[in-house]
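Spelled out from the first residue to the last, the chains are:
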Amino acid sequence: MAELAQTNGRSSNRRRFLAEASALATFLAGCVRSKPASEKSDTTTTSGLGPPSHLNQNPDSRSDTSLRHGMPATSSTPGTMGGGNVPFQRFDPALPPVSATRTTKLHFTAREVPLRVRDDTVVAAWTFEGNIPGPILHVRQGDTVEFTLTNAGHVPHSMDFHASQLDPKVAFRSVLPGQSLSFTYKPKYSGAFLYHCGTAPVLMHMGSGMFGAIIVDPLTPLRKAKEFVLVQNEFYLGPAQNGVHPFDYNKMLETLPDLFAFNGRPGQYQVAPIHVKHGDLVRFYVLNAGPTHPCAFHVVGGQFDTVYLGAPPANAIHGVQTFSVPAGGGMIFEMEAEIPGEFVFVNHAFGHGQKGAIGLLIVEE
Amino acid sequence: MAELAQTNGRSSNRRRFLAEASALATFLAGCVRSKPASEKSDTTTTSGLGPPSHLNQNPDSRSDTSLRHGMPATSSTPGTMGGGNVPFQRFDPALPPVSATRTTKLHFTAREVPLRVRDDTVVAAWTFEGNIPGPILHVRQGDTVEFTLTNAGHVPHSMDFHASQLDPKVAFRSVLPGQSLSFTYKPKYSGAFLYHCGTAPVLMHMGSGMFGAIIVDPLTPLRKAKEFVLVQNEFYLGPAQNGVHPFDYNKMLETLPDLFAFNGRPGQYQVAPIHVKHGDLVRFYVLNAGPTHPCAFHVVGGQFDTVYLGAPPANAIHGVQTFSVPAGGGMIFEMEAEIPGEFVFVNHAFGHGQKGAIGLLIVEE
Amino acid sequence: MAELAQTNGRSSNRRRFLAEASALATFLAGCVRSKPASEKSDTTTTSGLGPPSHLNQNPDSRSDTSLRHGMPATSSTPGTMGGGNVPFQRFDPALPPVSATRTTKLHFTAREVPLRVRDDTVVAAWTFEGNIPGPILHVRQGDTVEFTLTNAGHVPHSMDFHASQLDPKVAFRSVLPGQSLSFTYKPKYSGAFLYHCGTAPVLMHMGSGMFGAIIVDPLTPLRKAKEFVLVQNEFYLGPAQNGVHPFDYNKMLETLPDLFAFNGRPGQYQVAPIHVKHGDLVRFYVLNAGPTHPCAFHVVGGQFDTVYLGAPPANAIHGVQTFSVPAGGGMIFEMEAEIPGEFVFVNHAFGHGQKGAIGLLIVEE
């Protein structure tokens with residue numbers, strides 16, 4: 001983890017750009033906000049109200065988290081086309097070991113790619129490092145994080161670390177396609193923090209997959225445990241185009257998701273569960289990338305001995321059946337695996353959990 | 001409470017089954033997921049996305065909390081028909097006395113019945129013991145709970161106790177109509193815990209009424225109080241058939257409820273309020289059966305001296321106007337009744353509270 | 001703050017009433033619940049279910065927080081007409097100094113007025129003191145608050161202080177147009193408390209703008225800070241009539257908002273940010289007037305050193321990226337402004353934040 005393999009964003013971006021040249025015109029033609037296809041989309045427009053006009057007046061970083069006109073209505077870009085033969089890959093939820101050194105150097109590439117999120121569904125994903133979520137990061141409180149973002153996509157992207165305290169106008173500013181940006185920080189607090197693209201409209205960039213988790217250990221490490229990271233997100237998908245479902249901005253605004261997932265694939269840990277052993281302490285770092293709904297985290301057949309609402313090892317409550325992680329938040333849930341068995345973990349807001357925010361923890365004998 | 005009267009599920013089920021034989025064919029014909037009636041139902045299908053396919057591949061317990069194809073689209077079963085003369089009955093919110101012995105033997109029968117939830121509305125209820133919610137249970141931390149479930153309904157049902165730590169694959173497994181299942185556990189933590197049917201799809205079973213509360217006292221009891229249990233739930237109802245509104249699974253997936261209630265009947269405690277006396281400590285055990293939305297619990301004219309976020313008597317905060325109980329969760333709210341008067345308790349998320357999650361606490365002189 | 005200027009509600013109401021006489025007939029004609037205009041409104045009626053009937057049987061205060069039939073379907077009243085030349089005014093979020101004396105005398109007037117909430121949008125506002133939100137109040141724990149409400153509007157209004165412990169039937173009862181009501185209380189707890197109109201249906205009155213914040217300092221004041229009050233609310237608007245968008249009750253029941261705001265104007269603090277200095281402690285009092293959705297409060301580029309879930313200075317957690325304030329709730333968020341820069345504060349439930357619950361904190365060198 002000390003240094004993630006650099007993916008050489010610029011050259012790969014150049015190759016991609018050439019290969020996709022013919023698709024670009026089509027994409028740019030779609031870069032105006034299209035008329036909502038469904039009648040439901042009228043919800044936000046029946047009253048003749050557009051997006052808040054005040055939010056569109058600043059050309060600089062101030063608009064980086066606001067609505068923009070003329071944006072693409074979906075996540076379809078030249079990079080996301082042609083997903084027919086993209087294989088499905090389970091996302092490993094295991095927390096990687098903490099960095100061996102006190103300085104962690106990271107180079108992420110923002111990519112727009114087709115991603116298979118279940119057997120029958122490929123989405124037009126906006127990603128860090130080609131995946132939803134991006135890589136799980138693991139550092140210590142006070143470590144130095146040296147971060148570089150290269151944008152190998154077709155629209156501006158950026159990086160916002162919830163583990164950092166930085167001037168967003170400088171560090172989290174948007175990076176144009178083909179360009180890079182670097183910044184450094186030292187996490188002040190321990191905890192389970194989200195990172196995500198902060199380019200306007202944030203709803204579109206988070207809603208299209210640009211998020212991940214950085215776990216910051218406290219100075220005195222927590223008790224040894226089997227540790228897993230679960231990032232919940234919502235899917236708002238449009239009709240497939242050439243086999244790829246774009247994320248749909250108007251559906252994001254309507255806030256009625258089609259699907260949910262932990263770590264980007266609805267129900268993936270039901271098919272390929274998480275395994276621990278009887279007697280283990282199990283620690284879930286539960287992040288909620290939203291973009292909108294809370295995650296009422298629960299383990300069927302289990303109870304949380306500890307939930308950290310703020311920075312561990314303090315800020316804890318004990319004896320909890322279910323606790324809600326807000327969109328944009330993260331909390332840590334600990335459970336003694338005292339009994340062997342098959343334990344479903346789920347967003348207990350079942351109208352949401354039932355759509356894919358559900359998985360299986362197997363406690364072996 | 002030491003032993004609830006056994007309702008002899010098997011024989012009553014046999015009688016019911018015979019009586020309802022003619023209705024069964026009709027019911028089975030409806031056992032495929034019907035086309036959503038309203039245009040709104042297109043929300044979840046406009047993109048051509050069915051339920052997560054990964055979630056339908058396990059024939060065993062792993063699918064017990066996932067989507068299933070071929071399920072009934074509503075809660076109409078032969079058991080729920082003919083509700084014209086079902087009387088309305090207020091649900092007593094008083095916490096019953098704790099079990100006199102350290103072992104509590106329970107025999108619940110799962111029943112599908114017509115239930116009048118307000119003067120003009122009978123619903124096709126899936127229940128424990130014929131009511132929404134099921135019986136309020138009251139035990140002590142470390143007690144032994146010996147539980148048996150008999151399924152007197154027409155579809156599989158099961159029991160998931162949030163107060164327990166058990167292997168769900170064994171204890172919470174589905175029970176076929178006419179069959180029974182038993183398990184035993186000792187609650188590790190004190191608190192206000194939900195119990196509910198865990199048969200797939202859980203959204204359908206919880207959304208149709210199969211839930212209740214078990215209150216677990218800490219080893220050192222909390223201060224003497226007037227104690228009440230309020231279980232919030234949402235109603236997603238289809239058009240009445242022969243005077244009975246079925247719960248509608250597609251509306252549950254759309255997450256826009258018609259009605260809310262504390263203890264199964266919208267607004268029942270406005271008509272027939274809860275009474276305490278001036279000087280009493282009032283303790284509300286607030287459970288949220290959802291299936292989806294949080295409950296922002298508040299008492300108009302009051303403030304909570306204590307809210308227990310986790311196991312009492314620890315894990316408390318003080319001086320609180322409103323706190324949110326997530327779907328699948330439970331918290332304990334204490335208020336000194338220092339002033340006589342009429343105090344409305346409500347889900348302060350008023351778009352929800354206004355639909356029936358509201359009642360009246362009268363503090364007498 | 002010791003005594004707000006009295007607005008002489010009765011005489012102004014009389015003048016208003018005469019001036020608007022021609023409009024009154026039109027208004028009264030609209031006083032029955034109109035048929036929902038959009039197909040979406042069928043959501044709550046497809047099943048043939050009206051509002052909970054139990055909730056409509058009490059003519060007295062018990063119905064003050066319940067549904068009523070025959071109510072106006074929108075907030076259009078004679079007072080809200082003709083907003084063409086209403087200027088836009090930023091709402092000052094600064095917490096005013098605490099009352100110099102231990103008794104605070106307040107006289108609020110309930111008014112229905114046209115209010116410009118962004119450059120292109122005037123709404124038919126129901127208000128305290130002519131603004132959304134009402135005035136920010138600032139007192140100390142144990143102070144005496146002497147409050148009078150005069151209703152200069154055209155429908156009944158009332159006042160419910162979350163900072164108080166009072167019999168709602170007496171203190172929070174509805175005040176008819178042209179009448180007044182007074183009550184006195186001493187806040188028992190410190191904290192960030194909502195006040196709002198409690199007249200039935202509360203959803204309509206809160207949803208049309210009748211809310212504000214009262215900040216109660218603990219006996220030992222918190223550490224010196226730059227203090228700001230942010231009240232989030234949702235907008236459910238109907239089509240403009242003569243340039244004024246009424247709030248729409250049926251849309252409130254559907255719970256899918258058009259816009260969000262901090263302090264009544266979507267995105268106002270992006271155009272005119274909040275300023276502090278490097279080294280300041282920044283304290284946000286975050287209130288959520290809803291009416292329905294939570295506020296997942298977050299500062300981009302910042303972390304909260306302290307969040308008070310209950311009464312300060314206790315009931316705090318530390319090292320928090322995002323925490324959710326429920327509808328009807330209030331919490332206090334502290335952040336050391338350790339770094340100069342431009343920090344966006346936002347409801348990180350981005351499907352909501354993106355609609356206007358977003359602003360900018362500038363930390364100057």
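The structure presented is a predicted model; accordingly, all values stated were derived computationally and were not measured. (Residues numbered from 1 in each chain as written. Chains lettered and ligands numbered in written order. Predicted model: local features only at pLDDT ≥ 70, side-chain atom pairs only at ≥ 80, totals over all residues. Heavy atoms only, no water.)

### Some words on the packing of aromatic side chains
Residue and element names in this part refer to chain A.
Next up, step 1: The tally for this structure, following the rule as stated, stands at 66 aromatic pairs over all chains.
Next up, step 2: Seen from their ring centres, Phe297 and Phe304 are 5.7 Å apart, and the 20° between their planes marks the pair as stacked.
Next up, step 3: You can call Phe297 buried: its relative accessible area is 0%.
Next up, step 4: For the ring pair Phe297 and Phe333, a centre distance of 5.0 Å and an interplane angle of 65° mean the geometry is edge-to-face. (Phe/Tyr/Trp six-rings, centres within 6.5 Å; stacked < 30°, edge-to-face > 60°. Buried < 20%, exposed > 50% of the residue type's maximum accessible area, 1.4 Å probe, protein only.)

### Structural notes on the interface of chain B and chain C
Reports of interface size often rely on the accessible area that becomes lost once the parts have come together.
Next up, step 1: At the junction of the two partners, chain B supplies 58 residues and chain C supplies 58 residues.
Next up, step 2: Together chain B and chain C conceal approximately 4,600 Å² of surface at their shared face, both sides included; 56% is due to carbon and sulfur atoms.
Next up, step 3: Considering only the side of chain B, the residues that lose the most area to chain C are Gln303(B), Gln321(B) and Gln354(B), jointly responsible for 17% of the buried surface there.
Next up, step 4: Along the contact surface separating chain B from chain C lie 3 salt bridges.
Next up, step 5: The shortest N-O distance in the salt bridge between Asp305(B) and Lys188(C) comes to 2.7 Å.
Next up, step 6: Put simply, chain B and chain C have 24 residue pairs in polar contact (both at pLDDT 80 or more) between them.
Next up, step 7: At the level of elements, β1 (103-118), α6 (268-271), β14 (295-299), β16 (316-317), β17 (322-325), β19 (341-347), α7 (350-353) and β20 (358-364) of chain B are the ones that each hand at least two residues to the side of chain B that touches chain C. (Contact = heavy atoms within 4.5 Å. Buried area = accessible area lost by both parts, 1.4 Å probe. Salt bridge = Lys/Arg side-chain N within 4 Å of Asp/Glu carboxyl O. Polar contact = N/O pair within 3.5 Å; in protein donor to acceptor, adjacent residues only side chain to side chain. Helix = DSSP H or I, 4+ residues; strand = E, 2+ residues; numbered from the N terminus.)

### Overview of unusual backbone geometry
Next up, step 1: Here the bond from Gly290(A) into Pro291(A) is cis, since omega is 20°, no more than 30 degrees from zero.
Next up, step 2: Here Pro291(A) is to be found in the loop between β13 (281-290) and β14 (295-299).
Next up, step 3: The omega angle of the peptide bond from Pro312(B) to Pro313(B) is 5°, so this bond is cis rather than trans.
Next up, step 4: Examined against the element boundaries, Pro313(B) turns out to sit in the loop between β15 (306-308) and β16.
Next up, step 5: Phi at Thr255(A) takes a positive value of approximately 65°, unusual for a residue other than glycine.

### A closer look at the interface of chain C and chain A
Next up, step 1: If you look at the interface, chain C gives 58 residues, while chain A gives 58 residues.
Next up, step 2: Taken over both partners, the interface formed by chain C and chain A buries close to 4,600 Å², and the fraction arising from carbon and sulfur atoms is 55%.
Next up, step 3: If you sort the residues of chain C by the area they bury against chain A, Gln303(C), Gln321(C) and Gln354(C) come out on top, with a joint share of 17%.
Next up, step 4: Counting across the interface, chain C meets chain A through 3 salt bridges.
Next up, step 5: A salt bridge links Glu342(C) to Lys169(A), with the shortest nitrogen-to-oxygen separation between them at 3.2 Å.

### Digging into the nonpolar core
Next up, step 1: Counting residues in each nonpolar core, the largest one holds 300 residues, and the members touching the most others are Phe284(A), Phe297(A), Phe284(B), Phe297(B), Phe284(C) and Phe297(C).
Next up, step 2: The residues contacting Phe284(C), other than those within four sequence positions of it, are Phe228(C), Leu230(C), Phe297(C), Val299(C), Met331(C), Ile332(C), Phe333(C), Phe345(C) and Leu361(C). (Core = buried A, V, L, I, M, F, W, Y, C linked by side-chain atoms within 4.5 Å.)

### Quick word on the confidence of the model for chain A
All names here are of chain A.
Next up, step 1: Considering every residue of chain A, the mean pLDDT works out to 85; 80% of them sit at 70 or more.
Next up, step 2: Contacts for the low-pLDDT stretch residues 1-48, under 50 throughout, to residues beyond four places or in other chains number 102 contacts.
Next up, step 3: Scored below 50 in pLDDT, residues 50-70 shows 74 contacts in the model against residues more than four places distant or in partner chains.
Next up, step 4: Both confidence scores are given for the complex: pTM 0.87, ipTM 0.86. (pLDDT = per-residue confidence, 0-100.)

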